[in-house]
Amino acid sequence: MQYISAGIEQFTRATTPPAPYIRKGFELGSKPEKAVIRMTTNGFYRLFINGTEITKCPLAPYVCNSNHVTYYDDYEIAEYLTAGKNAIGVILGNGQANPFWHALGFQNSFKVGTPVKMALQLTADDLTLESDASFKTHSSPMVSDVYRYGVHYDARLEIDGWNLPDFDDSDWANVCEVEAPAGKLMRCEADLIVQRDELKPVSIELQEDFYFLHESPVEHSTPIFESYVKSGYMYDFGINTAGLVRLKIKGERGQKITMRFGEKLFADGKFNLNSVYTVKGGVEDYTQILHTDTYILKGGEEEVYVPFFTYHGFRYVLVEGLKPEQATEDLLTFLVMNSDVPRRSDFKCSDETFNTLYRMGVNSDLSNFWYFPTDCPHREKAGWTNDMSMSTEQFLLTLDCSQSFRVWLDGYMASQREDGTLDAIVPTLGNFSRSYNGAMSDSNLVNIPYYCYKFDGRVDILEQTADTIRKYMDYSMAARDERGLVANGLNDWAQPGRSMGVTTDCALVDSTILIDMCKKCMVIFGVLGDEAWVAKCDRFARELRTAVREHLIDYDIMGTKDGAQTGQALALATGIFTQEEYPAAYQELINRIKQKHDHVFCGMVGLRFIFHVLLENGDGDLAHKMITRPDAPSYGNMIVRGATALCECIEDNRFNSSENHHFFGDILNLFISDYAGLRVNPNMDNINEVLIKPTFVSALSWAEASYTTKCGTVTTKWEKTDDGYAVSVSIPEGVTGHICLNGELTALPVGASSWKVCI
């Protein structure tokens, strides 16, 4: 297909290019029985046939790096065509092709992409029409669109009928033909982005005379002058999640409505953007477009507007430009959105803190799932591989999302360099150094196919990634230092207590994570019948274990030399200690927890492992205490400080830390698999097999969970009785499994069954 461009300029520090209208009129001798249009762009698009929008979903076709992969969509359009005149209309958005890179906050350097380009092909019976220089273009009312910031729309610039067959486009400019993107062209098969809910505001408050952005992470630091607000109405929707707002307003022509999206308030209750923007030098240039949608009214009748080519993570919306009588409940509606990844598990128990954390975790997973898991739905919207790696199991346990993971892996594999290294963010323009990577991030390459196979039996994903995994593992084997260890990257990210001098050894994190990867690779290559690579990964794991034991273990205390909770939990979880050493090593973990007065001092890596280790050794009550305690660092403290999603920081309520991250979300897996005891595919050979192995703890009087397999839904519940515990299980036909009570395995019969056990 021939690519075309409207010739719109790139972003600069001073300008943001408008989204172009593009159209093409054509004629058909008769209404076709079958017609298909193929549409692709390196940015985003909206597609119209004879005035009817047929775009599959927001942010179509995908969020991608077109130097690696470009995606297309196919549409059946015969029902929209007529005999005689017809018209194709397109609006193009910048998307990831022409990004405003300062939106990532942590990058001070301004980077430009490339003007947005598109290609389409229409076939209708005997007619074939392709994009070329005869297509016409004109600027649209979308004056600017920034994927990570927002959209500015001037309804006064709307051109009535621009996408209809009889429209006169003779004074429009012609597009120019351009080269195709460098990446491979692939059909987009990711789950669509859909609207999940609609929310009305729980409160509306007039706020006056304040600044919404300060120049440092300290709340009482100097405010940024450009963020001054004289007057605005703050809409509170009660929950921090992701999507768009629908604006419904009647007003005068030229009235400008500014909507700013935030997730947090200052201590005095004023609207705050610091948590959704990491303030760096030069932010003043962008203050007025930070996480902001603007709409200029055309006037007259009531106007309804929903932005396109962006989305926001937020709880609060500050609306400026309203007259008092316009600040009604019906002005804004929160359209909650995410990829169409149905939930397939659930959990409840007697402890309301656990239940609240479970809901917060599900909310974080959903609000961060826009084609793929992002780190947060506001300031970055980035596919950080370290975040995703620590969350892969929980995502696939709670959501039916393996297909979206499969599509995202296309870009991840394309990011691999000749030396085997991988990007830390996908999609990206490939400008992130290895300091962001390391085995903790790169384990994502193994974790995704492994857990897609565990929960969905996706052998195709094992086959898809096998060569990339081999190349990466070869790189890792060669990357060992003189000790035989691997050490680079982000370490145990977001670990509290670093100021106290206790941090996890990076070599310990990378080397033990690589051991875990090797064990999973042995399963992957075993399924694929590659025994040579099974043996190679087994040998690599044993060599790494030997190096860890020689250089990183203090045998006087039977613990890791770094003294960290994460290091000890990782060593226990990955088999560093012998069977004889294990009891003393486990006691050392308990000692480290007690030294912190039963607080958890782990980052995203440690939190992925430590609680499972505790429950496996009978300390479920200790884990419960560490999770639920109200004082930081803890999950319970997130609830105390008012969060409705899992936060970026477990240590405190930092002024500029995000309130919606998923990377601490393995507690969802812990609740379902360990506390309720519903374990899916325990032997890695049957996705319709379960093991019911509950953890009875004094802190809970009951716990229940459900999981929907390909054959139906399994449910289990345990509760305390006067003389022990009662366990009930419901298992559909086609599902097999066992229940483990007091160390004894019993086969699960089909249907509802119950057991009593004295413990």
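1. What about the overall build of the protein chain?
So, point 1. What the protein chain contains, in helices and strands, is 14 helices and 38 strands.
So, point 2. For 759 residues, the compact-globule estimate of 2.2 N^0.38 gives 27 Å, and the C-alpha radius of gyration of the protein chain, at 27 Å, lies within 12% of that figure.
So, point 3. Based on the C-alpha atoms only, the size of the protein chain along its principal axes is roughly 85 × 60 × 60 Å.
So, point 4. Here the protein chain holds 759 residues, and 62% of them are scored as buried.
So, point 5. Expressed as a percentage of contacts within the protein chain between residues at least 6 apart in sequence, the contacts between residues at least 24 apart total 75%.
So, point 6. For the protein chain, the exposed surface amounts to about 26,800 Å²; the carbon and sulfur share of it is 47%.

2. Here we look at the sheet that holds strand β34 (residues 712-721)
So, point 1. Spatially, the five strands line up as an open sheet ordered β26-β33-β34-β35-β38, and their pairing is antiparallel. Strands at the two margins of the open sheet, each flanked by one partner only, are β26 (345-349) and β38 (751-757). Geometrically, the sheet is characterised by an average inter-axis angle of 10 degrees between neighbouring strands, direction not taken into account.
So, point 2. As defined by bridge partners, strand β33 (residues 702-709) adjoins β34 across eight bridges and the pair is classed as antiparallel. In the sheet register, T708 faces β34, and the bridge partner there is T713.

3. Looking at helix α12 (residues 620-628)
So, point 1. The element α12 is extensively covered by neighbouring structure, given that seven of its nine residues are classed as buried.
So, point 2. For α12, the complete set of buried residues consists of G620, L622, A623, H624, M626, I627 and T628.
So, point 3. In the core, the buried residues of α12 are packed alongside α1 (352-367), α9 (565-573), α10 (582-595), α11 (606-616), α13 (636-640) and α14 (667-675).

4. A few points about the packing of α1 against α12
Pairs of packed helices are described in terms of their axes, by the angle between the two and the distance that separates them.
So, point 1. Packing of α1 against α12 leaves a shortest axis separation of 10 Å and a crossing angle of 65 degrees. Relative to α12, α1 is oriented so that their crossing is left-handed. Facing T353, F354 and L357 of α1, the residues of α12 in contact are H624, I627 and T628.
So, point 2. Taken together, the residues of the contact of α1 with α12 break down into three nonpolar, three polar and no charged.

5. So, the sheet that holds strand β13 (residues 173-174)
Strand-to-strand pairing in sheets goes through backbone hydrogen bonds, with the strands running parallel or antiparallel.
So, point 1. The six strands are arranged β5-β4-β7-β2-β10-β13 in an open sheet whose pairing can be described as antiparallel. With partners counted over all chains shown, the strands left at the sheet margins are β5 (52-53) and β13, one partner each.
So, point 2. With two bridges connecting them, strand β4 (residues 44-49) and β5 associate as antiparallel partners. Within β5, the residue paired with F48 across the bridge is E53.

6. What to know about the side chain of D191
So, point 1. In this fold, D191 is placed in the loop between β15 (184-187) and β16 (193-199).
So, point 2. Buried D191, no salt bridge; nearest opposite-charge side chain is R458, N-O distance 8.0 Å.
So, point 3. Here the side chain of D191 touches S404 through a polar contact of 2.8 Å, side chain to side chain.

7. Concerning the environment of F48
So, point 1. Along the chain, F48 turns up in strand β4.
So, point 2. Overall, F48 belongs to the buried group, its relative accessible area being 8%.
So, point 3. Sequence-wise, F48 and P61 are 13 residues apart; in three dimensions their C-alpha atoms are separated by 14 Å.
So, point 4. Apart from residues no more than four positions distant in its own chain, F48 is found in contact with E53, A87, I88, G89, I91, W162 and N163.

8. A word on the packing of helix α2 (residues 385-398) against helix α5 (residues 444-456)
So, point 1. Between α2 and α5, the shortest axis-to-axis distance is 9 Å and the interhelical angle comes to 5 degrees. Accordingly, the angle class assigned to the pair α2 and α5 is roughly parallel. Listed contacts from α5 to T385, M388, S389, T392, E393, L396 and L397 of α2 are N444, N447, I448, Y451, C452, K454, F455 and D456.
So, point 2. Looking at the contact of α2 with α5 residue by residue, the class counts come to seven nonpolar, five polar and three charged.

9. Considerations on the side chain of D293
So, point 1. Here D293 shows up in strand β22 (residues 292-296).
So, point 2. It turns out D293 is buried and unbridged, and the closest side chain with the opposite charge, K381, is 8.9 Å from it.
So, point 3. At 2.8 Å, the side chain of D293 and the backbone nitrogen of V151 are in polar contact.

10. Quick look at the pairing of β34
So, point 1. The antiparallel hairpin formed by β33 and β34 contains two residues in its connecting segment.
So, point 2. The pairing of β34 with strand β35 (residues 724-731) spans seven bridges and is classified as antiparallel. Each residue of the ladder has a partner; that of T716, found in β35, is V729.
So, point 3. Counted along the chain from β34 to the antiparallel partner β35, the turn is two residues long.

Cut-offs and rules
- Residues numbered from 1 in each chain as written.
- Predicted model: local features only at pLDDT ≥ 70, side-chain atom pairs only at ≥ 80, totals over all residues.
- Heavy atoms only, no water.
- Helix = DSSP H or I, 4+ residues; strand = E, 2+ residues; numbered from the N terminus.
- Rg over C-alpha atoms; globule rule 2.2 N^0.38 Å.
- Buried < 20%, exposed > 50% of the residue type's maximum accessible area, 1.4 Å probe, protein only.
- Contact = heavy atoms within 4.5 Å.
- Areas by Shrake-Rupley, 256 points an atom, 1.4 Å probe, with all protein chains shown as cover.
- Pairing = 2+ DSSP bridges.
- Axes fitted to C-alpha atoms, helices over the stretch in contact; angles between N-to-C directions.
- Left-handed = near helix turned anticlockwise from the far one by under 90°.
- Nonpolar A, V, L, I, M, F, W, Y, C, P; charged D, E, K, R; others polar.
- Lys, Arg positive; Asp, Glu negative; His and termini not counted.
- Salt bridge = Lys/Arg side-chain N within 4 Å of Asp/Glu carboxyl O.
- Polar contact = N/O pair within 3.5 Å; in protein donor to acceptor, adjacent residues only side chain to side chain.
- Parallel < 35°, antiparallel > 145°, perpendicular 65-115°, else oblique.

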